[in-house]
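The residues making up each chain are set out below.
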Amino acid sequence: MDIHVNDISYVYQKGTPFEEEALSNLSLSIQHGIIQAIIGKTGSGKSTLIGLLSGLLRPSKGSITVGEDKVTATTKKIPFRSKVGVVFQYPEHQLFAETVYKDISYGPTNQGIPAEEIKNRVYHAIDLVGLDESLLEKSPFSLSGGQMRRVALAGVLAMEPSILILDEPTAGLDRIGSEQLLSLIHHLHQQKQVTIILVTHQMDEVARLAGQVLVLEKGQAVFNGSPVELFSERSRLDKLGMEPPSLTKLIDRLNERIHPPIPTSLFELDQLVAHLELRRKVGNNE
Amino acid sequence: MSRIVIGQYIPGDSFLHRLDPRAKLLFVFLFFFLIFLANNISTYLILYLFVAICILLSQIRVRLFLGSIKPVLFIIILTSILHLVMTKGGAALLTTPLFTVYEEGVRQAAFISSRFLILVVMASILTFTTSSLDLTDALEQLLEPLKKIRVPVHELALMMSIALRFIPTLWEETEKIKNAQLARGANLESGNIFKRLAAYIPIFIPLFLSSFRRAEELAMAMEARAYRGGIGRTKYRLLQYKGKDYSLIVIFLLLVIMIGWLRS
Amino acid sequence: MGTEITLKDVWFHYYPQTESRENWAVQNVSLDFQQGEYVSIIGSNGSGKSSLACLLNGLFIPTEGAFCINGQPITTDQDRWELKRRVGMIFQNPDNQIVAPSVVDDIAFGLENLGVSREEMKYRIPLVLEQVGLSGLEKKEPHHLSGGQKQRLAIAGILAMQPDVIIFDESTSMLDPDGRKHILRLMDELHKSGITIIHITHQATEAFLAERLIVIHQGRIMMDQSSKELYANATLLDQWGLDVPIGILLHQALRDKGWKLSEKMESEEQLVSELWTSM
């Protein structure tokens, strides 16, 4: 299910003194099954884009096509809302039901899915996020922060979306929590072939997961391409005011001394180690 | 933020913006009584004229005032219609099988809707030109004498100021939670009243929880900044009446005299 | 003369009656903070680091053990209230520590509580606004500020109280990279001006900016070393659920492959120069 964003603009509070254009003339194509990262500073229009892609907002201008469904400024009912799952920032703050089971089943129930099927989905979802089934009868508020976040994620996965939007999924988690969540995302993408739209400030996450990355600045797309392309050109990063991933930073430091420079397209420590090994062997042979 | 909120402060530097908030608050309060003294065309015209001058002085676009009338428009129209068809007296202007409209009905309808309009616009002038913080301060100082009868004026004012501070934050939070539940397929727009209320539960519960969490954290932060109630506290904001504030007394008396003289 | 904070054999839990001692939030902690130090306290979620932070400025009272300022035990409410002026605290959520509906009024809040005169407030407020880089935003409403600006406002509110010590309790964790950088830079500047900085965090990269690092895990102090020493031992951080700096990971991986590098790496610089020589 491909996504095509065609020359859209979005204006908040049109016709009031607080009128503000959050996105202007943005175009973007997201192929089905890829991980698309979206990065940009606060106020760059990321949240608005999430709202539009998830069908919660209509563009003021232009159109968005998801699969067969097209949405413009005048579309009444947005048809693709149920195909797009959104996990907002700090999703554990949106839990509400007495039990984990009830909370996860909220989405599928709203979709009008038969009870038997809902049960299957809840069990499947809790399994996907790596939580034990014994938690299903507990109150979500008795769980740890990391567990609550995974329950919230399960609540979205139980709706079986073909497109999954994740807004800062690791915000506020410590290393173990973040790592669990990232490998979960990776796993989901591999296993379920869903399109994942990852909104994040963490360049390490972008480098590790994304196939394509969009950079927003003041409501406009200033870059769209592969992470390698983005992170290998240091001057552009500086101009965008962005930090490279931590491994790229280390390579940059090494390159202050080492010639010819190590390529900045390496995003995994193993790759860097292998590269250095190779260089050392070549060096010893000379 | 959604559409323009009634009572939102519009920053500016007009004569009205610069008046002392206490003076404005008192003036508007007394003006409300004055509205009820008007009882004929000339007195209402004076009020309208005065409101028009205030709008001009405020340097705020008229469209915004229209916006503040919108939410009460339904009530204005409803009461006007009621007066139009229920009041008897004077010549019959229009007769239908269901009701008759009399001259007196038209008069009453016009006066009642005028009263509403003037009231709402005047209140908007106050809130458009006075920041909520100034209003809180004004209220605290005007109510100061109540401290003598053990009304916790300081605490009430602090509560109000914290409330003002957090309204936009909680509003944003509500929008966020609402969006999250909408994305999970919440249906907030159809069904009868009970169904709709039930549909809002997944929004209210997280909102309550987060408000409690905020309250707890805020209390800690206040304590960390040496807050311990009103004991030995000084005050940063100081309100001072200036010449133009006293002019309000003159303007008010002028209005009283004119309306007293012209009313029938 | 400054403020020296001492915890001696401190145990703490919110509900000491109902919880067994091995689950207490803070267990048998003895620490000492001299005036002017820059210290990071690192630990994963639930390690007890936030409770520890609240013990350091009298928000929490030790269940057992002693809490002293310049050698004097802090016992009464009045002691703790006076301590608030000397030891300020910045919390995690920028939104939930701003009290007043405008920037200047919020800075004034702490001063009003201390009973500072109006003239003095008028003198101090512009200074601290300048210091945190918020000059010109005096009349702004807090919800119109970015997360980083809100956090700087909170810092200004504390600075106006002229503290000796500022504790940052995960104060960067909810900010975007720009906001984060700004706060870290400010911490450094404040440290240079002589204020003791205690930074509580779960991010190793931020923690290593300090001069001294304290690792806390399950309520207990695991390490208390200079940042150089700890960098050399950073592989240990992994077992407490903390990030190991990437340079250390590379160092270890290369040594495993038989590279001749020093056993201990004290900094990234050392790694870079040793790599360069061995190639």
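Residues numbered from 1 in each chain as written. Chains lettered and ligands numbered in written order. Predicted model: local features only at pLDDT ≥ 70, side-chain atom pairs only at ≥ 80, totals over all residues. Heavy atoms only, no water.

A.B. asks: Please clarify how the overall build of chain C should be interpreted in this entry.
C.D. replies: Counting secondary structure elements, chain C contains 10 helices and 10 strands. Its C-alpha radius of gyration of 20 Å places chain C within 12% of the 19 Å reference for a compact globule of 279 residues. Along the three orthogonal principal directions, the C-alpha set of chain C runs to about 70 × 50 × 35 Å. Expressed as a percentage of the 279 residues in chain C, the buried residues total 59%. Put simply, 64% of the contacts in chain C that link residues at least 6 apart link residues at least 24 apart. With an accessible surface of roughly 11100 Å², chain C has 48% of that area assigned to carbon and sulfur atoms. (Helix = DSSP H or I, 4+ residues; strand = E, 2+ residues; numbered from the N terminus. Rg over C-alpha atoms; globule rule 2.2 N^0.38 Å. Buried < 20%, exposed > 50% of the residue type's maximum accessible area, 1.4 Å probe, protein only. Contact = heavy atoms within 4.5 Å. Areas by Shrake-Rupley, 256 points an atom, 1.4 Å probe, with all protein chains shown as cover.)

A.B. asks: What exactly am I supposed to notice about the interface of chain C and chain B here?
C.D. replies: Frequently, the measure chosen for interface size is the accessible area that the parts lose on association. Across the contact, 40 residues belong to chain C and 28 residues belong to chain B. Buried area between chain C and chain B, summed over both chains or domains, comes out near 3100 Å², and the portion from carbon and sulfur atoms is 56%. Two residues, B:R165 and C:D95, come together in a salt bridge whose shortest N-O distance is 3.1 Å. Remark: the boundary between chain C and chain B carries 16 residue pairs in polar contact (both at pLDDT 80 or more). Among the elements of the structure, helix 2 (77-86), helix 3 (103-114), helix 4 (118-132) and helix 5 (147-159) of chain C are those that each provide at least two residues to the side of chain C that touches chain B. (Buried area = accessible area lost by both parts, 1.4 Å probe. Salt bridge = Lys/Arg side-chain N within 4 Å of Asp/Glu carboxyl O. Polar contact = N/O pair within 3.5 Å; in protein donor to acceptor, adjacent residues only side chain to side chain.)

A.B. asks: Looking at this structure, I do not really get the packing of aromatic side chains. What am I missing?
C.D. replies: A full pass over the atoms with the stated rule returns 19 aromatic pairs over all chains. Ring centres 5.5 Å apart and planes at 75° place the aromatic pair C:F12 and C:Y14 in the edge-to-face group. Judged by centre distance (5.5 Å) and plane angle (85°), the ring pair of C:F208 and C:Y231 falls under edge-to-face. Residue C:F208 is located in the loop between helix 7 (204-207) and strand 9 (212-217), and its partner C:Y231 is located in helix 8 (residues 227-232); the two are separated by 23 residues in the primary sequence. Like C:Y231, C:F208 is buried. Put simply, the rings of B:F27, B:F31, B:F50 and B:F252 touch in pairs and so form one group of aromatic residues. Taking the ring centre of C:W81 as reference, the NZ or CZ of B:R228 above it sits at 3.4 Å. (Phe/Tyr/Trp six-rings, centres within 6.5 Å; stacked < 30°, edge-to-face > 60°. Lys NZ or Arg CZ within 6 Å of the ring centre and 35° of its normal.)

A.B. asks: Looking at this structure, how should I read the interface of chain C and chain A?
C.D. replies: Contact residues are listed per partner, giving 30 residues for chain C and 25 residues for chain A. Both faces combined, the contact of chain C with chain A buries some 2700 Å², and carbon together with sulfur accounts for 63% of it. Looking only at chain C, the three residues that lose the most surface to chain A are C:I246, C:V272 and C:M279, adding up to 20% of its buried area. Linking chain C with chain A are five salt bridges, by the criterion used here. Where A:E243 meets C:K181, a salt bridge forms, and the shortest distance between an N and an O atom there is 3.7 Å. Run the count over chain C and chain A and you get 10 residue pairs in polar contact (both at pLDDT 80 or more). Those elements that provide at least two residues to the side of chain C that touches chain A are helix 6 (177-192), helix 9 (246-256) and helix 10 (268-278) of chain C. It is helix 10 of chain C that contributes the most residues to the side of chain C that touches chain A, seven residues altogether. Split into classes, the residues belonging to the side of chain C that touches chain A amount to 13 nonpolar, nine polar and eight charged. (Nonpolar A, V, L, I, M, F, W, Y, C, P; charged D, E, K, R; others polar.)

A.B. asks: In this structure, what is going on with the domain arrangement of chain C? I would like to understand it.
C.D. replies: All names here are of chain C. Split into domains, chain C comes out as domain 1 (5-235) and domain 2 (245-279). Residue-level contacts link seven residues of domain 1 with nine residues of domain 2. For the pair domain 1 and domain 2, the two sides together bury roughly 760 Å², of which 66% comes from carbon and sulfur. Its largest share of buried area at the contact with domain 2, domain 1 owes to Y231, A232 and T235, together 65% of the area lost on that side. (Domains from an automatic or database assignment.)

A.B. asks: Is there a simple way to think about the environment of C:L83 in this case?
C.D. replies: Residues and elements named next belong to chain C. If you trace the backbone, L83 turns up in helix 2. What makes L83 buried here is its relative accessible area of 2%. Each C-alpha atom, one on L83 and one on P163, is 9.2 Å from the other, the two residues being 80 residues apart in sequence. When residues no more than four places from it in sequence are discounted, the contact partners of L83 are L56, N57, G58, F67 and I69.

A.B. asks: Just to check I follow, could you spell out the pairing of strand 6 (residues 84-87) of chain A for this structure?
C.D. replies: Consecutive residues of a regular strand have side chains that alternate between opposite faces of the sheet. All names here are of chain A. Burial along strand 6 is two-sided: V84 and V86 and G85 and V87, pointing in opposite directions, are all buried. With four bridges joining them, strand 6 and strand 7 (residues 163-167) adopt parallel strand pairing. Within the sheet, the bridge partner assigned to G85 lies in strand 7 and is L164. (Pairing = 2+ DSSP bridges.)

A.B. asks: Just to check I follow, could you spell out the packing of helix 2 (residues 21-35) of chain B against helix 6 (residues 132-142) of chain B for this structure?
C.D. replies: The angle between the axes and the distance between the axes are what describe a pair of packed helices. Residue and element names in this part refer to chain B. Relative to each other, helix 2 and helix 6 sit at 75°, their axes nearing to 8 Å. Considered as vectors, helix 2 and helix 6 are oriented roughly perpendicular to each other. Residues P21, R22, L25 and L26 of helix 2 lie in contact with helix 6, whose contacting residues are D134, L135, A138, L139, Q141 and L142. (Axes fitted to C-alpha atoms, helices over the stretch in contact; angles between N-to-C directions. Parallel < 35°, antiparallel > 145°, perpendicular 65-115°, else oblique.)

A.B. asks: Whenever I open this one, the domain arrangement of chain A confuses me. Can you help?
C.D. replies: Residues and elements named next belong to chain A. Considered domain by domain, chain A is made up of domain 1 (1-79 + 163-174 + 192-226) and domain 2 (245-286). The distance between the C-alpha centroids of domain 1 and domain 2 comes to 35 Å. Between domain 1 and domain 2, the buried area comes to about 330 Å², and carbon and sulfur atoms account for 58% of it.

A.B. asks: How should I be thinking about the pattern of salt bridges in this particular structure?
C.D. replies: Counted according to the given criterion, the structure contains 42 salt bridges over all chains. The partner of B:D134 in a salt bridge is B:R237, and the shortest N-O contact between them spans 2.4 Å. Remark: B:R237 occurs in the loop between helix 8 (193-224) and helix 9 (243-262) and B:D134 occurs in helix 6; sequence separation between them is 103 residues. With a shortest N-O distance of 3.3 Å, C:D95 and C:K150 are connected by a salt bridge. Residue C:D95 is located in the loop between strand 6 (87-90) and helix 3, and its partner C:K150 is located in helix 5; the two are separated by 55 residues in the primary sequence. Judged by its relative accessible area of 15%, C:D95 is buried. Classification of C:K150 as buried rests on a relative accessible area of 10%. Residues joined in a network through salt bridges with shared partners are B:D134, B:D137, B:E140, B:K235, B:R237 and C:D105.

A.B. asks: What should I look at first to understand the side chain of B:T130 in this one?
C.D. replies: Residue and element names in this part refer to chain B. Along the polypeptide, T130 turns up in the loop between helix 5 (103-129) and helix 6. By relative accessible area, which is 3% here, T130 ends up buried. A distance of 3.1 Å separates polar atoms of two side chains, one belonging to T130 and the other to K24. Within the local environment of T130, its side chain forms a polar contact with the backbone oxygen of L126, the two atoms lying 2.6 Å apart. The residues contacting T130, other than those within four sequence positions of it, are Y9, P21, K24 and L135.

A.B. asks: Can you walk me through the nonpolar core in this structure?
C.D. replies: General note: in soluble globular proteins, nonpolar side chains tend to be found buried as a group. Ranked by internal contacts, the top residues of the largest apolar core, which has 41 residues, are A:I3, A:I8, A:I38, A:L49, A:L53 and A:I197. Every residue in contact with A:I8, bar those within four places of it in the chain, is listed here: A:L23, A:S24, A:N25, A:L26, A:L49, A:L52, A:P59, A:K61, A:G62, A:S63 and A:I64. If you look at the next biggest cluster of nonpolar residues, it comprises 39 residues, including C:L153, C:A154, C:M187 and C:L190. (Core = buried A, V, L, I, M, F, W, Y, C linked by side-chain atoms within 4.5 Å.)

A.B. asks: What is the right way to read the sheet that holds strand 10 (residues 220-226) of chain C from this model?
C.D. replies: Strands belonging to one sheet form pairs held by backbone hydrogen bonds; the direction of such a pair is parallel or antiparallel. Residues and elements named next belong to chain C. Spatially, the six strands line up as an open sheet ordered 6-7-8-3-9-10, and their pairing is mixed. One side of each edge strand has no neighbouring strand; the edge strands of this open sheet are strand 6 and strand 10. Pairwise comparison of adjacent strand axes, ignoring direction, gives a mean angle of 15° for this sheet. Bridging between strand 3 (residues 38-42) and strand 8 (residues 196-201) involves five bridges; their strand directions are parallel. Across the sheet, the residue bridging to I42 is T201, located in strand 8. Sitting on the sheet, helix 5 touches strand 6 and strand 7 (165-169), and the angle it makes with strand 6 is about 170°.

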